[in-house]
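Structural features, examined
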Number of protein chains: 4
Amino acid sequence: MANFGGHAIPGSFFLFYGFWLIVKHTLQHFWRTTQPKGRQIMPPFFKKMEYLEGGLQIFASFVGIMVEQFVVDGPHAHLYDKENNSWVKLMNWQHSTMYLFFGISGIASVASATSKLVPVGVDRLAISLALFVEGFLFYYHVDSRPLLDRHIHSLLLVAVFGGSASTILEVFIRDNIILELLRGGLFILQGTWFYQIGFVLFPLSGPEWDLTLHANVMFVTMCFCWHLAVAVLLVTCTASMVWFTVKRFSVRGRDIEIGMRNSSSKTSSQKALLEESDEE
Amino acid sequence: MANFGGHAIPGSFFLFYGFWLIVKHTLQHFWRTTQPKGRQIMPPFFKKMEYLEGGLQIFASFVGIMVEQFVVDGPHAHLYDKENNSWVKLMNWQHSTMYLFFGISGIASVASATSKLVPVGVDRLAISLALFVEGFLFYYHVDSRPLLDRHIHSLLLVAVFGGSASTILEVFIRDNIILELLRGGLFILQGTWFYQIGFVLFPLSGPEWDLTLHANVMFVTMCFCWHLAVAVLLVTCTASMVWFTVKRFSVRGRDIEIGMRNSSSKTSSQKALLEESDEE
Amino acid sequence: MANFGGHAIPGSFFLFYGFWLIVKHTLQHFWRTTQPKGRQIMPPFFKKMEYLEGGLQIFASFVGIMVEQFVVDGPHAHLYDKENNSWVKLMNWQHSTMYLFFGISGIASVASATSKLVPVGVDRLAISLALFVEGFLFYYHVDSRPLLDRHIHSLLLVAVFGGSASTILEVFIRDNIILELLRGGLFILQGTWFYQIGFVLFPLSGPEWDLTLHANVMFVTMCFCWHLAVAVLLVTCTASMVWFTVKRFSVRGRDIEIGMRNSSSKTSSQKALLEESDEE
Amino acid sequence: MANFGGHAIPGSFFLFYGFWLIVKHTLQHFWRTTQPKGRQIMPPFFKKMEYLEGGLQIFASFVGIMVEQFVVDGPHAHLYDKENNSWVKLMNWQHSTMYLFFGISGIASVASATSKLVPVGVDRLAISLALFVEGFLFYYHVDSRPLLDRHIHSLLLVAVFGGSASTILEVFIRDNIILELLRGGLFILQGTWFYQIGFVLFPLSGPEWDLTLHANVMFVTMCFCWHLAVAVLLVTCTASMVWFTVKRFSVRGRDIEIGMRNSSSKTSSQKALLEESDEE
């Protein structure tokens, strides 16, 4: 997938997934903080979200593997070419492997939501593993390429391994909104950085980048920090918007509920008064 | 042990040990989750398992050391050859050292099961130490070899050091089924990867691998991820099978128990009725 | 800012910030340890400190960015020079990026103090992120420079990344005075080391340092440890001074309070006696 | 101190300190496990041990610094030789710096034992810092030396940084006997390895070691693991011996105590009986 589209597609997916995570975990956090301590069972709505997320992950991974295998210049499920004594399209196979682990993570997500027998935290372990495998393959992916190409991919690894590390922490520290938003933010960062890689290596317009110039490396490093700042901004805005939207709806719902209670209690107190006056 | 067998033997051991760990820890987890909170003392059955495991570890390590020392081309317990001013068969000595630490881990395991005086977690520290020493020796083992040979061994280190790190966590986070299965899974991964090393470096049939080709390195990296996926699959299947087998037996046992209680209570209530009627 | 002043200004800021942190956290620790367990709400005085700190951070970052951009030889907000096909003053842009993240940290600090909706620990995550970005940019900053220049900057990274790591721990381990003082101490260390870098690279008097001499590298490494010892000393002295000053005032205040209570209770008991005698 | 003695002296100190730690922490662990939950205040005996340890540490560090500075070929407190434009005896200065931090650790130890105002864990942080500084200086100490010399020192760093990492954990995980014994064991390992470095670099008898031979590097790596095994053995034996010795004494003491109580209760019950009979 050595073109702009090949970086834009995964970038869009990660971006979308990151936003989804922010929305999901903000809703969960809202639910957790507003519930009284007695009620600790998650409402079925969250389970449905998990099923949807897991299902989409499995579906997208399956499509991804199929596309990588059966595009025109793909390996068509052939691994080794005995005639030429060479491996067939290892790049596509590597991408398929990455998708495979995101698929496994989807299965773990669905399984965790379905059954209480699956130990708590398996879903996070699977995401962490998927990110680890992605970073692991990328790490050996980029040897023997020009300086800037190698550097821009190695910066991706900061987001990928950072995400893997923060997610494995979630296996032990559950329901920590900071870690959850961090995970979402690192997926967003990964998404935008995939776009950036596409823009740098396959510019849509303008001159080609000099892949060996040190100043370009310096700019790209700084640019990664800007993406990080943008990711922080996006996470903050999204989470705040979701929080205040939910709050307004929830307050309205409660107002109605309280209003109904009031009116009913009013009636009952009126009744009581009437009864009292009757007794008198 | 520079042949296929020399990699298949430790590989089989690690594979077997990994499966054993999955079975043991799934049983323990089943026991933990199904017991009421009052009964916290492990049944003696688990202690016997620990004795068996530790004993086998000690025995296997002892045999391993003896074999490494006294095979035909072994060092026969000679360390330094004063005539030639050279070390005698350092490879065998290194393997003996690795076995030694697995033996120590076996002793720690038995000691932990025997006496309450041994601090909780010493057994895990000893396993972690054994894995650390294995990785540590391998790390300096593979310098100055061809590219692919070095790479395929360094991938082994991912499983070894990963296992060491996850096991040291268990010293502090006890009875966490995810960490326990992770440990088992990493031993299985180590086992299958030992076989893979054997197949690559000493192919049983077909042409030799080109140990300097970059494409081979890329394939082997990806192949490691496939082994990881297979390990995840094996852990999941084994743990599920053990869980459901135990559950069926346990339900049956309880049914019988309940049935007996019912019949006995029935009889006693009938007796009570009779007595009551007698009194009347 | 390749001159002595360019190192002395950030150095002074970090030094000042470090001392501020020590004072603030010692006061908080004093408050925490002397309060009875019932009263757990921080007095408004600490909130005001947070506002002040955050506000100053935002202001200083803004000024820093403006200065870096609009000094005489600055980039004046131009990033790319199309005529010469080159980046404009990347160094100033990098410093602006660093300031940006300290500004974000200031915003997070103010937001944390203002609203209870901001998850606990976001302020520390933002500081950790700011330090990470600082270290990250410095890391790629110093390639291709003479040995001593590279080494003296890489020692700075020990303080920067050490601070980032210890601060991220504070997201999970709250109100731990040791981690808080460690953070303050590492900022002080960073401050004094900035001065040291200035003295070595741009000596105010005396001969230039030979930037390639190995003995100089050895001395500078050792000198970093001396700065560390000085930082330990400064933290200890400052924290002790603040503690005992507060204690004296607090004891005096309590004495007065107790004195007043005593006199009032005396009067009331006298009254009670009088009343009793009246009754008699 | 480039001779055998220069490695044997610190080696002996670390060895002695390691054993001391094992004894101290085993006694503390015995005390913790045998006390009923009510009594949580450490007996004054342990405080005296802390004073002794801290005092000896301060004294030894002071002597160490003095010796390094004022031996015949020492720097005599001169840092820079202006005539030759060169640093004076940087090696001795580096060793002095290391001693300085062990001295600071001694001060922290005494301060922790003296006053409750010193936050819990400061003593461990100071030990961790002292080990970090030792490792940090050694790390840059050994550049540009022959292969084996560099390797044998870098193995020392495994023990030093391992000790630093495990000790910093103790700031957060208090009274964990495993971490405490691990710290002791790593000091013992450091001690024996210092001796080993002395034997290899300055052999007392026999031929010189070839510092560039790869087989020697391989042997030394393995030898480090043997030292580790010996350290494990020494820790286990020492801790067991201390434990059982204390237990015997404590049981005897309790027997006497119980015996006295029995006799006294006997008398009192006899008295009661007498009284009862009197009443009859």
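Residues numbered from 1 in each chain as written. Chains lettered and ligands numbered in written order. Predicted model: local features only at pLDDT ≥ 70, side-chain atom pairs only at ≥ 80, totals over all residues. Heavy atoms only, no water.

**Describing the packing of helix α4 (residues 122–141) of chain D against helix α6 (residues 177–201) of chain D**
All names here are of chain D. The condition that has to hold: Helix axes are fitted only over the stretch in contact, all axes being lines through C-alpha atoms; the angle between N-to-C directions runs from 0 to 180 degrees. Under the DSSP-based scheme used, a helix requires at least four consecutive residues in state H or I and a strand at least two consecutive residues in state E, with every element numbered from the N terminus. By the definition adopted for this analysis, an angle is roughly parallel if under 35 degrees, roughly antiparallel if over 145, roughly perpendicular if from 65 to 115, and oblique otherwise. Crossings are classed by handedness, with left-handed meaning an anticlockwise turn of the near helix from the far one by less than a right angle and right-handed meaning a clockwise turn. Two residues qualify as a contact provided that any one of their heavy atoms is within 4.5 Å of a heavy atom in the partner residue. Under the scheme applied here, ten amino acids are nonpolar (Ala, Val, Leu, Ile, Met, Phe, Trp, Tyr, Cys and Pro), four are charged (Asp, Glu, Lys and Arg), and all others, including Gly, are polar.
Packing of α4 against α6 leaves a shortest axis separation of 13 Å and a crossing angle of 30°. Relative to α6, the element α4 lies roughly parallel. Handedness of the crossing formed by α4 with α6: left-handed. Here α4 contributes Arg124, Ile127, Leu131, Glu134 and Phe138 to the contact with α6, which in turn contributes Glu180, Arg183, Phe187, Gln190 and Phe194. Across the contact of α4 with α6, the residue classes tally to 5 nonpolar, 1 polar and 4 charged.

**Overview of the relation of the copies chain B and chain D**
For clarity, the cut-off: Least squares is the method used to superpose the copies, on C-alpha atoms of residues holding a pLDDT of at least 70 in both.
For these two chains of identical sequence, chain B goes onto chain D by a turn of 90° and a shift of 0.0 Å along the axis, with RMSD 0.0 Å. Read as a symmetry element, the transformation amounts to a four-fold axis.

**Observations regarding the interface of chain B and chain D**
Quick reminder of the rule: The term salt bridge refers to a pairing of a side-chain nitrogen on Lys or Arg with a carboxyl oxygen on Asp or Glu at a separation within 4 Å.
Listed by partner, the interface residues are 26 residues for chain B and 26 residues for chain D. Where chain B packs against chain D, one counts 0 salt bridges. Counting residues per element, the ones that place at least two in the side of chain B that touches chain D are α3 (90–114), α4 (122–141) and α5 (147–172) of chain B. When the residues that make up the side of chain B that touches chain D are grouped by side-chain class, the tally is 21 nonpolar, 4 polar and 1 charged.

**Notes on helix α6 (residues 177–201) of chain C**
Put simply, the rule reads: Helix span, as expected, comes to 1.5 Å for every residue beyond the first. The buried label applies to any residue whose accessible area, calculated with a 1.4 Å probe on protein chains only, is under 20% of its type's maximum; exposed applies above 50%, and partly exposed to all values in between.
Along its 25 residues, α6(C) runs 36 Å from first to last C-alpha, staying within 8% of the 36 Å computed at 1.5 Å per residue. Among the 25 residues that make up α6(C), 22 are buried, leaving the element largely enclosed by the rest of the structure.

**Let's talk about the nonpolar core**
The following threshold applies: Joining through side-chain atoms within 4.5 Å is the link that ties buried Ala, Val, Leu, Ile, Met, Phe, Trp, Tyr and Cys residues into a set, and such a set is a nonpolar core.
Ranked by size, the top nonpolar core spans 210 residues in total, and within it Trp193(A), Trp193(B), Trp193(C) and Trp193(D) carry the most contacts. In terms of residue count, the dominant contributor to this core is helix α7 (residues 214–279) of chain A (14 residues). Among all residues touching Trp193(C), those that are not within four sequence positions of it are Ile152(C), Leu155(C), Leu156(C), Val220(C), Cys223(C), Phe224(C) and His227(C). Counting 8 residues, the second largest nonpolar core, distinct from the first, contains Leu27(D), Phe46(D), Met49(D) and Trp243(D).

**Notes on the interface of chain A and chain B**
Note the following rule: Buried area: the accessible surface (1.4 Å probe) lost by two parts on joining, summed over both.
Between chain A and chain B, the residue contacts involve 26 residues of the former and 26 residues of the latter. Interface of chain A and chain B: buried area, both sides summed, is about 2,200 Å²; carbon and sulfur atoms make up 85% of it. Inspection of the region where chain A meets chain B yields 0 salt bridges. When residues of the side of chain A that touches chain B are traced back to their parent elements, those giving at least two are α3 (90–114), α4 (122–141) and α5 (147–172) of chain A.

**Some points on unusual backbone geometry**
Backbone geometry at Asn85(A) places phi at a positive 50°, although glycine is not the residue there. Of note, Asn85(A) is situated in the loop between β1 (80–81) and β2 (86–87). A positive phi angle, near 50°, is found at Lys89(D), a position not held by glycine. Following the sequence through the fold, Lys89(D) ends up in the loop between β2 (86–87) and α3 (90–114).

**Some remarks on the environment of Ile107(A)**
Residue and element names in this part refer to chain A. With respect to the helices, strands and loops of the structure, Ile107 is situated in helix α3. With a relative accessible area of 51%, Ile107 lands in the exposed category. Sequence separation between Ile107 and Tyr51 is 56 residues; the distance between their C-alpha atoms is 9.5 Å.

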